[in-house]
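Topology and contacts: notes
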Number of protein chains: 2
Amino acid sequence: MKKKLEDYDLHASCPIRNVLDRFGDKWSILVILLLGEHKTAMRFNEVAQTIGDISQKMLTVTLRTLEADGMVVRKHYPEIPPRVEYELTDLGKSLLPYINGLAQWAVKNYDTITKSRKKFAARKQLVS
Amino acid sequence: MKKKLEDYDLHASCPIRNVLDRFGDKWSILVILLLGEHKTAMRFNEVAQTIGDISQKMLTVTLRTLEADGMVVRKHYPEIPPRVEYELTDLGKSLLPYINGLAQWAVKNYDTITKSRKKFAARKQLVS
DNA sequence: GGTATTTAGTTACTTTTGGATACTCAAAGG
DNA sequence: CCTTTGAGTATCCAAAAGTAACTAAATACC
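Structural notes, computed from the coordinates. The model shown is predicted, which means the values in this text are computed figures rather than measured ones. (Residues numbered from 1 in each chain as written. Chains lettered and ligands numbered in written order. Predicted model: local features only at pLDDT ≥ 70, side-chain atom pairs only at ≥ 80, totals over all residues. Heavy atoms only, no water.)

It is worth spelling out the pairing of strand E2 (residues 72-77) of chain A at this point. Residues and elements named next belong to chain A. In the sheet, E2 pairs with strand E3 (residues 83-88) via six bridges, with the strands oriented antiparallel. Within E3, the position partnered with histidine 76 by the bridge is valine 84. In this structure, the hairpin formed by E2 and E3 is closed by a connection of five residues. (Pairing = 2+ DSSP bridges. Helix = DSSP H or I, 4+ residues; strand = E, 2+ residues; numbered from the N terminus.)

Structure representation (structure tokens):
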């Protein structure tokens, strides 16, 4: 029995799923945090270098998606070589407190989590 | 020039990356929210049915990972048919306020984001 | 006593996502 | 001319996520 498109879309209207799915990618939260820390607008390569290990493709995709969602503004200066600056919109800034809270939680509990992971891995060894 | 494993691990020690990467999957946050709402422990299929469109495999993987991170406890009763119950640990509960904040933000700004997406898609049409 | 049911999880397979690399455009510098 | 520069595309490939079908083992039903 084949599923119809509607079946997949059943949950597409759920705001929580819909919006949180966007942070389900590897880079969006990181880029928002970064743009949030930086008070002035950042250029493409500046973001890329600060993150360090993101490919051009993924940074482009991530910034485009954030732009589409209205989280980020893209200012393009028609110069040669091209200059493009990004900064958070008010919407993007309004998200900042929440993901900063999350980031602080992450720092605070990092040790606990790391230990838990090691313990779990060790237990797995015993069983196998 | 080939990259060594160490190069990839440069950022592996960053708590924010390391922990936030875990929410980079589609289901973890959703499962934590769900277990957080539910006051009593939940069974595997109860979680699966509430979410609705998660496969057995992905629920297994998600719960295992959350267990490894110490966010969830897994209580296994050696019965036939098997019974397994899941609930949040204190660590998992401590994360709840932050992702609840995120979820509320999502609900509040869903409309704005949806409109922004449509506008962006329309603009793209014009250019192409 | 054969068969369907129930539950948590695994295996084998397919699809989607992410990443490495090379290429583009258009002007300025040597 | 030929290279450099910034912000990307285009293409191809590997890795991750996701799906469908399967398993075990006791019980309920017929």
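Turning our attention to the interface of chain B and chain A. Listed by partner, the interface residues are 47 residues for chain B and 47 residues for chain A. Interface of chain B and chain A: buried area, both sides summed, is about 4,100 Å²; carbon and sulfur atoms make up 68% of it. Per-residue buried area on chain B facing chain A is highest for Leu102, Trp105 and Arg117 of chain B; these three make up 17% of the total on that side. Our count for the chain B to chain A interface comes out at four salt bridges. Residue aspartate 69 of chain B pairs with arginine 117 of chain A through a salt bridge whose shortest N-O separation is 2.7 Å. For the pair chain B and chain A, the interface holds 16 residue pairs in polar contact (both at pLDDT 80 or more). Elements with a contribution of two residues or more to the side of chain B that touches chain A: helix H2 (15-20), helix H3 (28-37), helix H5 (56-68) and helix H6 (90-127) of chain B. (Contact = heavy atoms within 4.5 Å. Buried area = accessible area lost by both parts, 1.4 Å probe. Salt bridge = Lys/Arg side-chain N within 4 Å of Asp/Glu carboxyl O. Polar contact = N/O pair within 3.5 Å; in protein donor to acceptor, adjacent residues only side chain to side chain.)

Attention now moves to the sheet that holds E2 of chain A. Residues and elements named next belong to chain A. Read across the sheet, three strands follow the order E1-E3-E2 without closing on themselves; strand pairing throughout is antiparallel. Taken across any chain shown, the strands that pair with only one partner, and hence form the sheet edges, are strand E1 (42-43) and E2. Together, E1, E2 and E3 form the strand contacts of helix H3 (residues 28-37), whose direction differs from that of E3 by roughly 90 degrees. (Axes fitted to C-alpha atoms, helices over the stretch in contact; angles between N-to-C directions.)

A separate point is the relation of the copies chain B and chain A. Superposing chain B onto chain A takes a rotation of 180 degrees plus a shift of 0.0 Å along the axis, which leaves an RMSD of 0.1 Å. The symmetry that links the two subunits is that of a two-fold axis. When C-alpha distances to the rotation axis are compared across chain B, the minimum falls at glycine 24 of chain B, with a value of 2.1 Å. When the interface residues of chain B are mapped onto chain A, 100% of them are again interface residues, pointing to one common binding face. (Least-squares fit on C-alpha atoms with pLDDT ≥ 70 in both.)

So, about the protein's contact with DNA strand C. By nearness alone, 20 residues border DNA strand C, and Lys26 and Lys57 of chain A together with Gln56, Arg64 and Arg74 of chain B come closest of all. In DNA strand C, the atoms that sit within 4 Å of the protein are 62% sugar and phosphate, with bases accounting for the remainder. In this structure, a phosphate oxygen belonging to DNA strand C sits 2.7 Å away from a side-chain N or O atom of arginine 64 of chain B. Separating a phosphate oxygen of DNA strand C from a backbone N or O atom of valine 84 of chain B is a distance of 3.4 Å. If you list the elements that add at least two residues to the surface near DNA strand C, you get helix H5 (56-68) of chain A together with helix H4 (44-51), H5 and strand E3 (83-88) of chain B. (Near = heavy atom within 4 Å.)

Looking now at the packing of aromatic side chains. In this structure the tally under the stated criterion is zero aromatic pairs over all chains. A cation sits over an aromatic face here: arginine 83 of chain A above tyrosine 77 of chain A, 3.9 Å from the ring centre. (Phe/Tyr/Trp six-rings, centres within 6.5 Å; stacked < 30°, edge-to-face > 60°. Lys NZ or Arg CZ within 6 Å of the ring centre and 35° of its normal.)

What follows deals with the sheet that holds strand E1 (residues 42-43) of chain B. One open sheet accounts for three strands, arranged E1-E3-E2 (chain B); its pairing is antiparallel. Looking at strand neighbours, the two that pair on one side only are E1 and strand E2 (72-77) of chain B, the edges of this open sheet.

This part takes up the pairing of E3 of chain A. As a general feature of sheets, a regular strand has side chains that alternate between the two faces. The sheet contact formed by E1 of chain A and E3 of chain A spans two bridges and is antiparallel. Its bridge partner being in E3 of chain A, methionine 42 of chain A is matched across the sheet by tyrosine 86 of chain A.

Our next topic: the protein's contact with DNA strand D. What surrounds DNA strand D is a group of 19 residues, the closest being Arg74 and Tyr86 of chain A together with Lys26, Lys57 and Ile80 of chain B. Protein-proximal atoms of DNA strand D, defined as those within 4 Å of the protein, fall in sugar or phosphate at a share of 61%. The contact in question runs from a phosphate oxygen of DNA strand D to an N or O atom on the side chain of arginine 43 of chain A, over 3.0 Å. Between DNA strand D and the protein, one listed contact pairs a phosphate oxygen with a side-chain N or O atom of arginine 74 of chain A at 2.4 Å. Put simply, the parts of the chain that give the surface near DNA strand D at least two residues each are helix H4 (44-51), H5 and E3 of chain A together with H5 of chain B.

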